Amino acid sequence: MHFDSGNPDLLLLSAPATAALLLLRVSPPALCRQQPASGNALALHFDSGNPDLLRNSWQQAVYIAAGSDPFALVDASVAAAAAIAGGARPRWEKQVPDICSSLGWCTWDAFYHDVSGLGLQQGLEGFRAADPARVPRWLIIDDGWQRTGLDNAARQQQQVLHSKPPPQQQQQQQAGSGPHSHPLPDSSLAGKDNSSSSSSSSSSSYRSSAWLLRGVRRVLQGCQRLVLSGVGAVAERLNWWPLLLSGLRTPLLCGVLTRCLKAFNVATSEHSKRLLSPEFNAKFRPLLLSGLRTPLLCGVLTRCLKAFNVATSEHSKRLLSPEFNAKFSNLTVGPTLDTSSTASAADVAGVIAAVKQRYNLKHVYAWHAILGYWSGVSPLATPAAAAAAASAASSAAAAAAESSAEADAEAAAKELAAAAAGIAAGDRVVSSSSSSSGMASSIVLPRVSDAMTDLEPPCNWSQLVLAGVGLPHDPASFYQQLHSYLASLGIDGVKVDVQNQLELVGSAAGQPGGQALAAAWHAALEASAGRHFPGNQLINCMCHNTNNLYRMAATNLARVSDDFYPRLPASHAPHVAVCAFNSLFMGVIVTPDWDMFHSRHPRALLHATARMISGGPVYVSDKPGAHDTVLLARLALPGGLLLQPLLPGRPTRDCLFVDPCRDGVSVLKVWSRNCCNGVVAAFNLQGSCWSRSKLKFVTHDSSPAALSTLIAPADVEGLLHCLPHNCSSSSSICNSGPAGQPAEPTAAAAAAGCVLHHSGEFVLYLDSSKALTVIEDDGIALGRQGQGEDAEGLSVQLAAAGSDVVTVAPLLELKGSSSSSSSSGSSDVKFAVIGLTNMLNPGGAVKSVSVDSSSSSSSSSREAGSDGGSSQHSSGSWVVADAAADSTAAAAAGDGNGSTEAAAAAAAPAAAAAGCSAAVRVSFVGCGQLLLHASCRPAAVLLDGQPAQFEYNSSSSSSSSSSLVVDVPEPATSGSSAQQEEAAGMQNELTIRFA
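Rules behind the numbers
Residues numbered from 1 in each chain as written. Predicted model: local features only at pLDDT ≥ 70, side-chain atom pairs only at ≥ 80, totals over all residues. Heavy atoms only, no water. 1 Å grid on protein atoms, 1.4 Å probe; cavity = no way out; pocket = protein on both sides within 12 Å on 5 of 7 lines; lining within 4 Å. Points joined across faces, edges and corners; volume = space filled by probe spheres on them. Nonpolar A, V, L, I, M, F, W, Y, C, P; charged D, E, K, R; others polar. Helix = DSSP H or I, 4+ residues; strand = E, 2+ residues; numbered from the N terminus. Pairing = 2+ DSSP bridges. Axes fitted to C-alpha atoms, helices over the stretch in contact; angles between N-to-C directions. Salt bridge = Lys/Arg side-chain N within 4 Å of Asp/Glu carboxyl O. Buried < 20%, exposed > 50% of the residue type's maximum accessible area, 1.4 Å probe, protein only. Core = buried A, V, L, I, M, F, W, Y, C linked by side-chain atoms within 4.5 Å. Domains from an automatic or database assignment. Contact = heavy atoms within 4.5 Å.

1. Some points on empty space enclosed by the protein
As enumerated under the stated definition, the model contains three cavities of 30 Å³ or more in all. Taken as a whole, the largest cavity encloses approximately 40 Å³ of empty space. Around the largest cavity, the lining residues are Met612, Arg634, Leu635, Leu643, Gln644, Met839, Leu840 and Asn841. When grouped by side-chain class, the residues that make up the lining of the largest cavity number five nonpolar, two polar and one charged.

Spelled out as structure tokens, the structure:
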């Protein structure tokens, strides 16, 4: 696995027939960096992140393991390390929020901070106007709803920024406005504010620094003029100008004076140098990365950066109260009002109730930062309305009385919070509020260590370091105040952002370090979310370090990437790659969230394919009316129901150690499984990447080449687990995995009279070409997962930024009765179920398959659970059952192209020749075109007991497949989105009789 220097949490090493794994920062270091080492040694440097926390050694800092299966190795090791370090449970043991099963909408990229009540209505109305059947079922009100504002110091910076300079300073600026003048960057910021002594001193500091630097510059300019005038006078007196200005053509001058002049220029000016690169040189690294500790920087540049942050972002603001701002007073208020004003609780509750009822939303989430807002909570913050607080207090008391375990968790959270909130008095504590409510906070100033500087240089000039963070005193009380207010309004869940702040804030004087701070805050967060938002409705965001991950004991949804940046073309390919590789690690603990995207965008299909294969939530951030309804219809069924795979999408084995963004040759393949088949998404992501040296996304190849890759059944890990229990197979392997996976079926099932058999063949369906291909994969049959040099597979061609999807379905044989088979000696009926081809994940629609045969003497009923198989281990959904077929009804069904009786008569001899008399029953959800492979034409097809239209195309080629397509109409309902989703989620039954 490729790591471009930094602070990795997982190192996966490849070796012949095995893999080794190192999990770093298990407990308790905050930072771990790779150090240069000689030979094959791996040197690691550990750092607590807090200069007050010193150790001679770290206990349980590294977890090392090895195994033959890299996926099983990562699953087991990360789960063990998480339990050791912070008590986090693995993903498959925790409840998945139900938002992962339906389409959602987030307001962020639609409105950014200008979200308002009017924006909510316009956005949802845009979806309904574009496609009434696919209005999102849940909503995230992202950043922009809270009451926020600037501290007094930040407000002064804002006033300085927008104020005019004094008249004297204006004259100085005009006098120095020539083409070679370079006024100081702070000269326009030195406004005068006589209302405050602190602002006066700031202005004095600005003026003093400006006068000093201007004086130095004038002295240097005077010396330069003196030297030049002196040389000119000497040349004029000695009449050397003709000699100097004649073009230096004499051999003597060319040989001597030219070299002297060159040397003089080199020694006395920069004019002999040429540009080597557009980057800052090494002299500026100490300046930019040293923490801005010099008096000059503290006096000038720090103020400039603070003013710049105030003017260009919301990151300087702090939370003033947990309440909604006035932009959400009703559904007609736009984004013009100040965010420091308040909307009444009754008005906001009315807005939430209105959008839920009008647009049939199941859930409304609200965004907030881990510490309230980007720069924390203001020391002047006030609590929410008394009524909401009282209501929440009573519900909290009832919940605590209901569950002693929950009360214990709350007590533990408060104990950790008390340890983390012990802020010692010192020069790093700027101010503190005296409020006794959950909004009480103090401003603390983080200290950026050298290790953090090497990892994230921008930390040194972030607003958190320059102006401090408003850290609430008691996390449990803070979340009680915030979440009780939100729950009282009808908010169903929260998206909790910038959790990585905890590591930086933990470096402040008097703080216990990032790890202890994260433990306290996550314990309080999960206890509060569990109490106020039933169903585990919490999305963790920007939480990628193990200080946060290893403490997610209950929550089961987390972002695994940086933001989706719709206006940064170079960001889209790296976004997909980062999500896939991070899911290998983070997907053990949480359900991965690959972030929102725009359905109408040049890279919309790339992102939609990525969100489908992620196995996590799918939500867009479309602007009002800017929707691609065709693409959304490939992701969501009517009513918004998704067809997501069962497992987190992860790179295939042959992609674990490639660089799909920069090596110029590799295609990224991401695999997952459905109930009855596997799915592989392929991406051409070459051409752009994240640059650690430039700290931005860059395009290193503006015209990346088209690439091809081979997709084989062996790319889907554990594909044989999709086979039914009562299915014999030529494979005798059982792919290893976490406890709870079903045992691999063996040939002993055949002796019990099972009518199903799998001989190692698979049917591959390519989304772009709509073609079926039959492949025999010896790798799986012989227990070799991953592709070898002689692997057989399906070739997929991808243009730059292109993507495609392959569904991999086991090809099963329907064995006839022993007498029939032995007498005829003919081949048996073979079939495979692909799914709904109008969807990006066709196989996600198929929930179970059963076979009715009078020759079968055994039965199994292993159907998908009520959640559609959302658990990691709900992979076995095939069913073999004993049942008498209704031959009268079956004979009445035809292909819709003529007489049903004639079709049945024509199909019967072929089925009889095959020596098989059985009916295949497919349980599925959704509508569209249901695709299967069948080796012979069926005698009849029934949909929910009624004759169904179908089309059968036979193929004589051994590599191509005979297809059976059944048209499944959309449910006849004109009701709400909830009714449409319910109808789309109801399982249909397709019965196919071959005799």
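2. Description of unusual backbone geometry
Phi at Asn536 is positive, roughly 60 degrees, even though this residue is not glycine. Relative to the elements of secondary structure, Asn536 occurs in the loop between α18 (514-532) and β15 (538-540).

3. Digging into the sheet that holds strand β1 (residues 10-15)
The strand order across the open sheet built from three strands is β1-β2-β5, with neighbouring strands paired in antiparallel fashion. Each edge of the open sheet carries a strand with a single partner, namely β1 and β5 (62-67). Direction aside, neighbouring strands of the sheet carry axes that sit 15 degrees apart on average. Sheet topology note: the β1/strand β2 (residues 18-24) ladder contains six bridges and is antiparallel. Within β2, the position partnered with Leu13 by the bridge is Ala20.

4. Here we look at the pattern of salt bridges
On inspection of all chains with the given rule, the structure shows 19 salt bridges. A salt bridge links Arg128 to Glu125, with the shortest nitrogen-to-oxygen separation between them at 3.0 Å. Within this pair, Arg128 and its partner Glu125 are both found in helix α3 (residues 117-130), separated by three residues, close to a single helical turn. Since its relative accessible area comes to 32%, Arg128 is described here as partly exposed. Exposure remark for Glu125: the relative accessible area of 32% places this residue in the partly exposed category. The shortest N-O distance in the salt bridge between Asp659 and Arg662 comes to 3.0 Å. Salt bridges sharing common partners tie together Asp69, Arg653 and Glu717.

5. Observations concerning the nonpolar core
Ranked by size, the top nonpolar core spans 203 residues in total, and within it Phe324, Leu486 and Leu990 carry the most contacts. At nine residues, the largest contribution of residues to this core is made by helix α20 (residues 572-586). When residues of this core are sorted by domain, at least three fall in each of domain 1 (10-83) and domain 2 (95-146 + 318-390 + 441-642). Apart from residues no more than four positions distant in its own chain, Phe324 is found in contact with Ile141, Trp145, Arg147, Ser341, Thr342, Ala343, Val348, Tyr485, Leu486, Leu489 and Ile491. One finds Tyr765, Ala809, Leu811 and Val965 within the second-largest nonpolar core, a separate group that totals 10 residues.

6. Brief notes about the pairing of strand β31 (residues 846-852)
Burial runs high along β31: seven of the seven residues are buried. With six bridges connecting them, β31 and strand β34 (residues 919-924) associate as antiparallel partners. Following the sheet pairing, Ser848 is matched in β34 by Ser923.

7. Focus on the pairing of strand β10 (residues 363-369)
Burial analysis of β10 places seven of its seven residues in the buried class, the great majority of the element. Here β10 shows no split at all, with His363, Tyr365, Trp367 and Ala369 on one side and Val364, Ala366 and His368 on the other all buried. Bridge count for strand β7 (residues 138-141) against β10 is four bridges, and the pairing is parallel. Considered in β10, the bridge of Leu139 is made with Val364. As judged from the five bridges shared by β10 and strand β14 (residues 493-497), these two strands associate in the parallel manner. Note that in β14 the partner of Ala369 across the bridge is Asp497.

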